[in-house]
Amino acid sequence: MENTHLPGDLTRSVAPHGVGAAMMTLMACTFVVGTGEFAIMGMLPQFASSMSVTPASAGYAISAYALGVVLGAPAFAIVGSALPKRSLLLILISLFCIGNFMTVVMPSMGLVELARFITGLPHGALFGVSALVAASLVERARRGRAVGRVLSGIAMSTVIGAPFSTFAAIHLGWRTAYLLIGLAGCVIFAGLWRYLPSDPPRAGRSALSELTAFRRPQVLLTLLTCAVGFGGMFGAYTFLTAILTHVLHLPGWAVMAYMIVWGCGMLAGTHIGAFMVDRNLDLTAIGALAGTTFAMMAFAGLVNHPWGLLVDVFVLPAFMIALGPAMQTRLMDVAGDAQTLAASLNHSAFNTANAVGAALGSVLLEAGYGYSAIGWSGAVLSVAGLCVFLFTISLARREAASASLR
């Protein structure tokens, strides 16, 4: 297996209490960035009304952010390949803050979309580099738990950050909500500056060395597993509010409760998945994808049953998000010298899955198949992701066997 520690082996250069502070700061970083991503979904009505556009048109701001993520993740990973990880994280969180402050002051819809695009640019690299730094702070046998702990901030953002942003948008305005997110980013900058250990510049590293990731079948297949396998969950999440409102006719407080339960499922899945990864990475991924398949089929049958759907709203993201630490850790093992690019591309793959799941759901609804079709289509995507992953590990074993015979 490849060595994933940063130059200088940070596990030896940081005191135990310093590791805890660094981990908490990285988790807070993913929490704030996750809040910045999910906030607009809860404040979309206020945002659309303020900008004098329809909710459908307001949704382009979400697409602009996702486009920034997809393009920014590889770009920053390549450009920042020779930088110390600490310096790269400080640059990325600075751009995140600038993008949110731009969002606050932009007067027109087009300029707001530009601001959201800029804010999305550092997103994937922030998560990817944070995971790499977390893995470098612990011994190899605890990498999965370290990565899961840091990425649990994303799940926490759906439980705490996004609902708080919705509350702030309703009572103080959506611009104030983004101002608070930008200020929180500044606090994260100070925390990263204070608690992250310094690592030396990566001498001899270049953009070309990171681009070797694209020549590694194991990297590409792992990313494809994410891009396909996560699609069903994102499709369900995209249309969950519509199901709760238009099918089950639940009041606003109940819709919020379902969203919090969804976030709790994500949080549970992150921790369980991280714990299992350190025991058997491949079985964790297989179990997550298989469990998601059954949860998506249950989703299809429960769209008219509020209590059953409430249970599935916890189980579905728990299974699916358990895949996250497994894929992030696996990329560390197969990326070789292209660690930063591979880790960052993982989040581009997530956003590709977001686009695929939401688009497929929209097509099915417009064709008149109803909301249950989202569950069935999600199950198909999960099975497809499972098939890709099974092929990936089969190919890896054949490659290992071939190498042993040389």
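Predicted model only: the values in this text are computed from it and were never measured.

Parameters and conventions
Residues numbered from 1 in each chain as written. Predicted model: local features only at pLDDT ≥ 70, side-chain atom pairs only at ≥ 80, totals over all residues. Heavy atoms only, no water. Helix = DSSP H or I, 4+ residues; strand = E, 2+ residues; numbered from the N terminus. Rg over C-alpha atoms; globule rule 2.2 N^0.38 Å. Contact = heavy atoms within 4.5 Å. Areas by Shrake-Rupley, 256 points an atom, 1.4 Å probe, with all protein chains shown as cover. Salt bridge = Lys/Arg side-chain N within 4 Å of Asp/Glu carboxyl O. Buried < 20%, exposed > 50% of the residue type's maximum accessible area, 1.4 Å probe, protein only. Expected span 1.5 Å × (residues − 1). Disulfide = S-S within 2.5 Å. Phe/Tyr/Trp six-rings, centres within 6.5 Å; stacked < 30°, edge-to-face > 60°. Lys NZ or Arg CZ within 6 Å of the ring centre and 35° of its normal. Core = buried A, V, L, I, M, F, W, Y, C linked by side-chain atoms within 4.5 Å. Polar contact = N/O pair within 3.5 Å; in protein donor to acceptor, adjacent residues only side chain to side chain.

A count of helices and strands for the chain gives 19 helices and 0 strands. In terms of overall dimensions, the chain is globule-like: its C-alpha atoms have a radius of gyration of 20 Å, near the 22 Å expected for 406 residues. For the chain, the spread of C-alpha atoms along the three principal axes comes to 60 × 45 × 35 Å. Restricting the contact set of the chain to residue pairs at least 6 apart, pairs at least 24 apart contribute 85%. By element, 71% of the accessible surface of the chain is carried by carbon and sulfur atoms, the whole surface being about 16,000 Å².

The subject of this paragraph is the pattern of salt bridges. Applying the stated criterion to the full structure yields 2 salt bridges. For the salt bridge of Arg-145 with Asp-278, the shortest nitrogen-to-oxygen distance reads 2.9 Å. In this pair, Arg-145 sits in helix α9 (residues 143-172) while Asp-278 sits in the loop between α14 (252-277) and α15 (281-302), placing the two residues 133 residues apart along the sequence. Under the relative-accessibility criterion, Arg-145 is labelled partly exposed at 34%. Overall, the relative accessible area of 22% leaves Asp-278 in the partly exposed class.

Considering the arrangement of structural elements, one finds Ala-355 in helix α18 (residues 339-366). The spacing of Ala-355 and Ala-254 is 101 residues in sequence and 27 Å in space, taken between C-alpha atoms.

As a further point, take helix α13 (residues 231-247). Each α-helix winds once per 3.6 residues, and so residues spaced three or four apart point in a common direction. The end-to-end C-alpha distance of α13 is 22 Å, a good match for the 24 Å that 17 residues give at a rise of 1.5 Å each. In terms of burial, α13 is a largely internal element, 12 of the 17 residues being buried. Taken as a whole, α13 has its buried residues at Gly-231, Gly-232, Met-233, Phe-234, Gly-235, Ala-236, Tyr-237, Phe-239, Leu-240, Ala-242, Ile-243 and Leu-244. Phi turns positive, to about 55 degrees, at His-249, one or two residues after α13.

A few words on the state of the cysteines. One pass over the structure, following the stated rule, counts 0 disulfides. Not engaged in a disulfide, the cysteine Cys-97 finds its nearest cysteine sulfur in Cys-186; these two sulfurs lie 4.1 Å apart. Here Cys-226 stays unpaired: no disulfide links it, and the sulfur of Cys-387, its closest cysteine neighbor, is 15 Å away.

On to the packing of aromatic side chains. Applying the stated criterion to the full structure yields 6 aromatic pairs. Here Phe-47 and Trp-174 contribute two aromatic rings whose centre-to-centre distance is 4.9 Å and whose plane-to-plane angle is 85 degrees, an arrangement assigned as edge-to-face. Here Phe-47 is found in helix α3 (residues 44-51), whereas its partner Trp-174 is found in helix α10 (residues 174-195), with 127 residues between them in sequence. Residues Phe-47 and Trp-174 agree in their burial class; the two are buried. Judged by centre distance (6.3 Å) and plane angle (25 degrees), the ring pair of Phe-189 and Trp-193 falls under stacked. Here Phe-189 pairs with Trp-193, and both are found in helix α10, just 4 residues apart, close to one helical turn. The class of Trp-193 is exposed, set by a relative accessible area of 53%. Pairwise contacts between aromatic rings join Phe-38, Tyr-237 and Trp-262 into one cluster. If you follow Arg-86 out to its NZ or CZ, it ends over the ring of Trp-193, 5.0 Å from the centre. In this structure, Arg-279 packs its charged tip against the face of Phe-275, placed 3.7 Å from the ring centre.

The biggest cluster of nonpolar side chains holds 112 residues, and the ones touching the most others in it are Phe-47, Phe-230, Trp-262 and Phe-299. A per-element tally of this core places helix α2 (residues 16-42) first, with 10 residues. Not counting residues within four places of it along the chain, the set of residues in contact with Phe-230 comprises Thr-225, Met-320, Ile-321, Leu-323, Gly-324, Phe-350 and Ala-353.

End to end, helix α7 (residues 109-120) covers 16 Å across 12 residues, agreeing with the expected 16 Å (1.5 Å per residue, within 8%). Residues of α7 that are buried include every one of Met-109, Val-112, Ala-115, Arg-116, Ile-118, Thr-119 and Gly-120, and no others.

This part is about unusual backbone geometry. Look at Ser-52: it is not a glycine, yet its phi comes out positive at around 60 degrees. Mapping Ser-52 onto the fold places it in the loop between α3 and α4 (55-58). In the Ramachandran plot, His-249 falls in the positive-phi region, its phi being about 55 degrees despite a non-glycine side chain. Among the residues examined, His-249 registers a relative accessible area of 61% and is labelled exposed.

Here the focus is the side chain of Ser-377. As for its position among the elements, Ser-377 is in helix α19 (residues 372-404). A polar contact of 3.0 Å, which involves the side chain of Ser-377, links it to the backbone oxygen of Ile-374. Beyond its immediate chain neighbours, meaning those up to four positions away, Ser-377 contacts Leu-360 and Leu-364.

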